[in-house]
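Below, each chain spelled out in residue letters.
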Amino acid sequence: MSAGASGGGPSKAAGYARAFLLILGLWLVLSLALGPLVLPRPWAVIRNLAGQLGSPVFLGHAAASVRRLAWGLGAGFAAAFPLGIAMGRSARLDAWLAPVMFLTFPVPKVLFLPALLVVFGFGEAPKAVLVALVTFCQILVVTRDAARNMDPRWEDSFATLWPAARAGERLARRLSLLRHVVAPHALPAAVTSLRIASGTAVSVLFIAESFATDRGLGFMIVDAWGAMNLPRMWSGILAMGLLGALIFEAADLLERLLCPGARGMAR
Amino acid sequence: MGARVTARGLGRSYGEVEILRDISFEIPAGGSLAVVGSSGSGKTTLLNLIAGLTPPGAWEGEFAVDPPGAGRSYLMQDCALFPWKTVLANLELPLALARVPAAERRARAEAALSELGLSGLAGRYPGEISGGERQRIALARALAARADLVVLDEPFSAVDAIARERLQDAVAGLLAGKGLTSVVATHSIEEAVRLGDEVLVLGGRPASITARFGNPGRCGPGFRSTEGFFRLALAVRRALEDA
């Protein structure tokens, strides 16, 4: 994480403003080329979205999507991080679970949506579980590798701090090593993975909200598409894009909060 | 209070590969030993053994630290401080592991930082401070943990020449002032001569002691500018070339 990347502040805001203007410019060019019936003008969509911000219906859709993403990302991270650490540090556990991980990792998790609907019904659970599944797999692989490939000298460094009076407490020593060395060492990689997974999670959520639900930004987009209400459809797309960007930024903030010393972590 | 360290006929192998052979030395409580040798000459293997990282029974010969429960602190070359912990948290870690109450460990850590003039760095992360400051903080951690034996592996390799000399003087003064026993491994002949009451030269395959030099004058005033310093440095250099 470079200082510039982690910095935030005016330069980052200016960068976002430039990117936003560039996207608007491209959008306008495409809209002029395709015609407003196919791709509405950007200001029409922005005006439409701004008009909906006070609408309880729109806010309900947005809240449902945010809730599902938060649960899914949180649960995926909470399950994958400790398991990844355990796999990275236990050769026996890794021998059992790593082949399962490698076999299932390339399978698109969205394929399980119908099965999740059958198992969990049509409520909130299958959407959040699908997001959690995507997040879980990405974070598991990265955390396991970070724990496994840690420079052994960090372990030696910790070993020199362990008091001679507790030399016989092997379990306590192992748990302390995990807490003070392995977990904080793997955390920056896991949080970066969460940040990357958040983009995939929004895509997966859109698909999950396209089925068997009447709430969420994904539903709003598909519903407006079916009604050929293009400004509303594009408002939903814009809102979902902004949600993805916000979650990406939130993960960046989380990384800075949880891993403040990450700049010194060369290994 | 420093620990007394005794090694007689020490040897260490990794499988079929013999790394160290017949290493003998004695460091009195409060004394210091400097070990020099080319890269791959077994210095770090010897330091790992002295620091307690090598499991008992994994070496040949006799090795003893007296008192047996003496606290050891190992300032490793690049991994002395954990980059994900603040300076203060790094200092408190060995105390937390030793179950020292929170208030006492905070007080001891702050006192050690203050003693080395590093109080201003308490809230910083190791990645935000210089290499020299990191080594001094690692030394402050040894003080906070009340180590009896301090083991230093290439302690100032990441520091510029002038700062290096200042740090050597500061560390030598601090260790002597506290009466702590120390072992330092270094590539630098001047550093070995400045820091060791005795200087061992390692060489050969497997590594053994090819020369040893007493250094009684090292604590005298202005030692670095004396003829004795240059004579000894020259003698160590010749021994290294022959090794």
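Our subject is the structure listed above.
Residues numbered from 1 in each chain as written. Chains lettered and ligands numbered in written order. Predicted model: local features only at pLDDT ≥ 70, side-chain atom pairs only at ≥ 80, totals over all residues. Heavy atoms only, no water.

Colleague: Give me the lowdown on the overall build of chain B, citing residues and values where you can.
Modeller: Within chain B, the secondary structure is distributed over 7 helices and 9 strands. At 18 Å, chain B has a C-alpha radius of gyration in line with the 18 Å of a compact globule built from 243 residues. Expressed as lengths along the three principal axes of its C-alpha atoms, the size of chain B is roughly 50 × 45 × 30 Å. Taken over 243 residues, chain B has a buried fraction of 54%. Partitioning the intrachain contacts of chain B with sequence separation of at least 6 by distance along the chain shows that 69% fall at a separation of at least 24. Surface exposure of chain B reaches about 10,200 Å², of which carbon and sulfur atoms provide 50%. One way to put it: in chain B the 27 positive side-chain charges average out to a point 4 Å from where the 27 negative ones average out. (Helix = DSSP H or I, 4+ residues; strand = E, 2+ residues; numbered from the N terminus. Rg over C-alpha atoms; globule rule 2.2 N^0.38 Å. Buried < 20%, exposed > 50% of the residue type's maximum accessible area, 1.4 Å probe, protein only. Contact = heavy atoms within 4.5 Å. Areas by Shrake-Rupley, 256 points an atom, 1.4 Å probe, with all protein chains shown as cover. Lys, Arg positive; Asp, Glu negative; His and termini not counted. Charge placed at Lys NZ, Arg CZ, Asp CG, Glu CD.)

Colleague: Lay out the interface of chain B and chain A in plain terms, naming residues and giving numbers.
Modeller: Contacts between the two partners involve 22 residues from chain B, matched on the other side by 24 residues from chain A. In this assembly, chain B packs against chain A so that about 2,200 Å² is buried in total across both faces, 67% of it on carbon and sulfur atoms. The largest share of the area that chain B buries against chain A comes from C79(B), W84(B) and L97(B), three residues that together contribute 32% of it. Summed over the shared surface of chain B and chain A, the number is 1 salt bridge. Residue R99(B) pairs with E169(A) through a salt bridge whose shortest N-O separation is 3.2 Å. Put simply, chain B and chain A have 4 residue pairs in polar contact (both at pLDDT 80 or more) between them. Mapped by element, the contributors of at least two residues to the side of chain B that touches chain A are β5 (72-75) and α2 (87-97) of chain B. (Buried area = accessible area lost by both parts, 1.4 Å probe. Salt bridge = Lys/Arg side-chain N within 4 Å of Asp/Glu carboxyl O. Polar contact = N/O pair within 3.5 Å; in protein donor to acceptor, adjacent residues only side chain to side chain.)

Colleague: Tell me about a nonpolar patch on the surface, and please be specific about residues and values.
Modeller: A surface patch of nonpolar side chains, about 430 Å² in accessible area, is lined by L30(A), L34(A), L37(A) and V38(A). Examined against the element boundaries, L30(A) turns out to sit in helix α2 (residues 9-34). (Patch = residues over 30% accessible without salt bridge, like charges linked within 9 Å, V, L, I, M, F, W, Y side chains within 5 Å.)

Colleague: Tell me about the sheet that holds strand β2 (residues 17-27) of chain B, and name the residues and values.
Modeller: Residue and element names in this part refer to chain B. Strands sit in the order β2-β1-β4 across an open sheet of 3 strands; the sheet is antiparallel. Of all strands in the sheet, those with a lone pairing partner are β2 and β4 (59-66), marking the two edges. When strand polarity is set aside, the average angle formed by the axes of neighbouring strands in this sheet is 15 degrees. Those strands touched by helix α1 (residues 43-51) are β1 (4-14), β2 and β4, and its axis lies near 55 degrees from that of β2. (Pairing = 2+ DSSP bridges. Axes fitted to C-alpha atoms, helices over the stretch in contact; angles between N-to-C directions.)

Colleague: Break down the side chain of T186(B) for me, citing the residues and quoting the values.
Modeller: Residues and elements named next belong to chain B. As for its position among the elements, T186 is in strand β7 (residues 181-186). Relative accessible area serves as the criterion here: at 0%, T186 is assigned to the buried category. Reaching out from T186, the side chain makes a polar contact with the backbone nitrogen of S188 at a distance of 2.9 Å. When near neighbours in sequence (up to four residues on either side) are disregarded, T186 contacts V35, V36, G37, K43, E154, R164, E191 and A192.

Colleague: Quick one: what's the story with the layout of surface pockets, residue by residue and with numbers?
Modeller: Computed from the structure, the largest pocket encloses a volume of approximately 1,200 Å³. A159(A), W162(A), A164(A), R173(A) and G52(B) are, among the 42 residues lining the largest pocket, the residues nearest its centre. Residue assignment for the lining of the largest pocket shows that the elements contributing at least two residues are α8 (152-161) and α9 (170-208) of chain A together with α1, β4, β5, α2 and α4 (131-144) of chain B. Element by element, the count of residues in the lining of the largest pocket is highest for α8(A), at 6 residues. Grouping the constituent residues of the lining of the largest pocket by class yields 26 nonpolar, 6 polar and 10 charged. Lining of the second largest pocket is provided by Y16(A), A19(A), F20(A), I23(A), W27(A), W234(A), I237(A), L238(A), G241(A), L242(A) and A245(A). Contributions of two or more residues to the lining of the second largest pocket are made by α2 and α11 (230-258) of chain A. A total of 6 residues in the lining of the second largest pocket trace back to one element, the largest contributor, which is α11(A). Considering only residue class, the lining of the second largest pocket consists of 10 nonpolar, 1 polar and no charged. (1 Å grid on protein atoms, 1.4 Å probe; cavity = no way out; pocket = protein on both sides within 12 Å on 5 of 7 lines; lining within 4 Å. Points joined across faces, edges and corners; volume = space filled by probe spheres on them. Nonpolar A, V, L, I, M, F, W, Y, C, P; charged D, E, K, R; others polar.)

Scope: geometric values only; no functional claims are made or implied.
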